[in-house]
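Structure at a glance
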Amino acid sequence: MKRTDSKELNVDISDRIAKLSDEKRALLNARLKEIGLIQEGKIGKREGVGESASLSFAQERLWFLSQLQSESTFYNEAGAIELVGKLDIPILTQSLQEIVRRHEILRTTFSTDDEGYVRQFIAPELKVVIRYEELQMLPSHQQIDETKRFMLDEVKRPFDLNVGPLIRFILIQFAAEKYILLTSLHHIIADEWSIRILLHELGAIYSALRAGESLSFAELPIQYADYACWQREWLKGSTFNKQIAYWTEQLRGSPALLELPIDFSRPSVLQHVGARHHFTIPQETAISLIQLGKNHGATLFMTLAATFAIFLNRYTNQDDICIGYPIANRARAGLQELIGFFANTLVLRTDLSGNPTFLEILLRVRKVCLEAQAHQDCPFEKLVEVLAPVRNINHNPLFQVMFVFQNTTAEKRLELSDIKLTELEVETESAKFDLTLGIREENGMLRGWFEYDTGLFHKNTIARWVAHYQQLLKRITLVVDRPLSNISILPDEERDQLLLRWNNTKTEYPRGKCIHHLFEDQVKQDPDAIALVFEGEQLTYGELNRKSNRLAHYLRAQGVGPEKLVGICVERSL
């Protein structure tokens, strides 16, 4: 057998990759980055490691927004876990202290230096303090109410970016062996992925300390400040120029605003007060959607995103739909286990013109998703800066609707020694965008929610939209080859109500009578019944009949008869 030289093998692989389509090459590169085989732009320790460093571009944007609204809690993040078992609070505190020691970003504050530049300042140490609340003496229903109040009060308590700390802990005890640990922090130091890192490290460290074992965690090779400095240097290179060139072309001429039918007038400044409406997607629908994507080389994310674009098209009648979606942005080595604000936002622009079928839309979405994935390193903040869209403080630039997809099937299970853990959702009563669709895949089930701005939408509207979206998901797998205009989003009951019950105007009238004859019959039957109402005034059928007769006699006196036209020009009135 002929021995193949490694150099020849590399050339052969390169040739094969070169022959791939742009879509397949983008998908391959994204996958290689995901599993760590591509580590372009490897991140190392920053030069002159000290107590301060530059901000990442995402941090810089949040810093700017915090200066506009210093008391805003819009970017407060929170995570909560229920703990059932014999909890050792001193060891819990020690475990959290170790996490804060490991991750510099948890000891970081933000302020301007002597030259007026904003920088992140890293404290050499930070003592962890757990606020303790005891509710054991309250009845169970009051415990629930008080817990919700504690959580809401905590996420609505501002952080001072200049002073810190920017992370807080509350431990609420309900019974001898039942607690809730609430962690709140500012988004400038962490994202959703970070909260899960914190919880998993907490479990491992607590279990080791509880068992009297030494900690097995290796020191982190880099810190968030290293990433922030690397990012600024990376953006000076040619790779960034290629990425920004792609997005400039991709979003050229995109609509400034998605015109959703809002219930209330759009305020001059959005307050970002929000609510959530949760729903479940039936398992048979979820299975059909997953299979539909597989049949056409698309992920479940792509299938759901395509369906959401159709949903938005139906409500806006716009064929050019821009949807934002977050990515973890942790493809490079060393970032997967690091707490910090890495998440980036990409824009999915979907063309629904030409009355396409669902399959055509799915393939369009697939193509755009793969291209966006290949250009995911461009910070959204820099994209807005370069594109310079017309800014308006009553809506977000580039997109106003977000799609969030979470796949938790492959996530590590939370463990904390012999304590049973349950992750809880924390309602923040805020909305970063006009509308956000969130879908979570969990053990073959799809659970969803619509997060909406209550200054724009009424809760009844969102409840109706949820029913429409569920119907669309149910129908889409059955009508993949039908044009967009033939896909109904109305549930059968609502469709019958609109087309049949509310539109059933058929009425039997007496034959051979004109409308004024029927009116005179009504006058004779009930002359005192109200016939007309206008701005606080009203006329009965009898009064209306007398006024009508007087007008008729006047017109006759002016020579008006059968077949004579009379022009009318009067203000609206009785």
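Given the structure is predicted, the values throughout are model-derived calculations rather than measurements. Starting afresh in each chain, residues are numbered from 1 along the sequence in its written order. For this predicted model, a pLDDT threshold of at least 70 governs which residues receive local features, and a threshold of 80 or more governs which side-chain atom pairs are given and counted, while totals over whole chains, interfaces and linings are taken from all residues. No hydrogens and no water enter the side-chain calculation; it runs on all heavy atoms of the structure.

In terms of helices and strands, the protein chain carries 16 helices and 16 strands. A globule of 574 residues ought to have a C-alpha radius of gyration of about 25 Å, yet the protein chain, at 31 Å, is considerably larger. Throughout, exposure labels follow a simple rule: accessible area from a 1.4 Å probe, protein chains only, divided by the maximum for the residue type, with under 20% read as buried, over 50% as exposed, and the rest as partly exposed. Here the protein chain holds 574 residues, and the buried ones make up 43% of them. Contacts are residue-level and defined by heavy atoms, with any inter-residue pair within 4.5 Å sufficient. Considering only residue pairs separated by 6 or more positions, the protein chain has 75% of its internal contacts joining residues 24 or more positions apart. Only the protein chains shown count as cover for residues, and all accessible areas are computed by the Shrake-Rupley method using a 1.4 Å probe. For the protein chain, the computed accessible surface area is about 31,700 Å², with 51% contributed by carbon and sulfur atoms. Asp and Glu are treated as the negative residues and Lys and Arg as the positive ones, with His and the ends of the chain left uncounted. The location of each charge is read from NZ of Lys, CZ of Arg, CG of Asp or CD of Glu. Of the side chains in the protein chain, 67 bear a positive and 76 a negative charge, and the two mean positions are spaced by 5 Å. A run of H or I in DSSP becomes a helix once it reaches four residues, and a run of E becomes a strand once it reaches two; helices and strands are each numbered from the N terminus. Atoms considered for the radius of gyration are the C-alpha atoms alone. The globule rule reads 2.2 Å times the number of residues to the power 0.38.

Pairing of aromatic rings covers Phe, Tyr and Trp, the last counted by its six-membered ring, and requires centre-to-centre distances within 6.5 Å; plane angles under 30 degrees mean stacked, over 60 mean edge-to-face, and any other angle means tilted. What the rule picks out here adds up to 27 aromatic pairs. Ring geometry for tyrosine 224 versus tyrosine 227: centroids 5.5 Å apart, planes at 50 degrees, classification tilted. Pair noted here: tyrosine 224 and tyrosine 227 are both in helix α7 (residues 224-234), with a separation of three residues, about one helical turn. The class of tyrosine 224 is buried, set by a relative accessible area of 1%. Overall, tyrosine 227 belongs to the buried group, its relative accessible area being 4%. Among the aromatic residues, those joined into a ring-pair cluster are Phe279, Phe301, Phe308, Phe311, Tyr315, Tyr325, Phe403, Phe405, Phe450, Phe457, Trp465 and Tyr469. If you follow arginine 232 out to its NZ or CZ, it ends over the ring of phenylalanine 57, 4.2 Å from the centre. Criterion for a charge above a ring: Arg CZ or Lys NZ at most 6 Å from the ring centre, at most 35 degrees from the ring normal.

For the rest of this paragraph, the subject is the nonpolar core. Ile189, Phe308, Leu312, Phe450 and Tyr469 are the most contacted members of the largest nonpolar core, which totals 133 residues. For this core, the element with the highest residue contribution is helix α10 (residues 300-316), accounting for twelve residues. Those residues in contact with leucine 312, other than ones at most four positions away along the chain, are Leu258, Leu260, Asn317, Ile321, Ile323, Val401 and Leu435. In this text, buried Ala, Val, Leu, Ile, Met, Phe, Trp, Tyr and Cys residues form a nonpolar core when linked through side-chain atoms within 4.5 Å. If you look at the next biggest cluster of nonpolar residues, it comprises eleven residues, including Val155, Ile170, Phe174 and Leu182.

It is worth spelling out the pairing of strand β14 (residues 445-453) at this point. Here β14 lies mainly inside the structure; seven of its nine residues are buried. Pairing between two strands requires that DSSP report at least two bridges joining them. Alignment of strand β8 (residues 274-281) against β14, held across eight bridges, turns out to be antiparallel. Counted as the bridge partner of glycine 274 is aspartate 453 from β14. Here strand β13 (residues 435-442) runs beside β14; their pairing, made up of eight bridges, is antiparallel.

Two orientations exist for strands paired in a sheet by backbone hydrogen bonds: parallel and antiparallel. Strand order in this open sheet of five strands is β5-β6-β7-β2-β12, and the pairing throughout is mixed. The sheet is open, and its two edges are formed by β5 (130-134) and β12 (420-424), each paired on a single side. Shown here is a sheet whose adjacent strand axes are inclined to one another by a mean of 20 degrees, direction ignored. Sheet topology places strand β2 (residues 76-84) next to β12; five bridges connect them, and they run antiparallel. Residue pairing for β12: isoleucine 81 is matched across the bridge by glutamate 423. Helix α5 (residues 140-155) contacts β2, β5, β6 (167-175), β7 (178-186) and β12 of the sheet and is inclined by roughly 175 degrees relative to β6. To obtain each axis, a line is fitted to C-alpha atoms, and for helices this fit is confined to the stretch in contact; angles are then taken between N-to-C directions over 0 to 180 degrees.

Let us now look at the confidence of the model for the protein chain. In the predicted model, the protein chain carries a mean pLDDT of 87, and 91% of its residues have values of at least 70. Residue-level confidence of the predictor, termed pLDDT, takes values from 0 up to 100. Within the model, the stretch residues 1-15 combines pLDDT values under 50 with one contact to residues more than four positions away or in other chains. The low-confidence segment residues 32-39 (pLDDT under 50) makes eight contacts with residues lying over four places distant or belonging to another chain.

What follows covers the side chain of threonine 307. When you line up the elements, threonine 307 lands in helix α10. Judged by its relative accessible area of 0%, threonine 307 is buried. Among all residues touching threonine 307, those that are not within four sequence positions of it are Phe358, Tyr469, Leu472, Leu473 and Ile476.

Let us now look at the sheet that holds strand β1 (residues 52-53). Taken together, the three strands give an open sheet; going across it, the order is β1-β4-β3, and neighbouring strands pair in antiparallel fashion. With one partner strand each, in any of the chains shown, β1 and β3 (108-112) form the two edges of the open sheet. Where β1 lies against strand β4 (residues 118-122), two bridges are found, and the strand directions are antiparallel. Counterpart to serine 52 in the pairing with β4 is phenylalanine 121.

Once that is clear, we can look at the packing of α10 against helix α13 (residues 459-476). The contact between α10 and α13 brings their axes to 10 Å, and the two run at 125 degrees. Classed by the angle they form, the pair α10 and α13 counts as oblique. The handedness of the crossing between α10 and α13 comes out as right-handed. On α13, the residues touching Leu304, Thr307, Phe308, Ile310, Phe311 and Tyr315 of α10 are Trp465, His468, Tyr469, Leu472, Leu473 and Ile476. Relative orientations are named as follows: roughly parallel for angles under 35 degrees, roughly antiparallel for angles over 145 degrees, roughly perpendicular for angles from 65 to 115 degrees, and oblique for any other angle. Working rule for handedness: look at the near helix, and if it is turned counterclockwise from the far one by less than a right angle, call the crossing left-handed; if clockwise, right-handed.

Its location among the elements puts aspartate 191 in the loop between β7 and α6 (192-210). Excluding residues within four positions of it along the chain, aspartate 191 makes contact with Arg330, Gly340, Phe341, Phe342 and Ala343.

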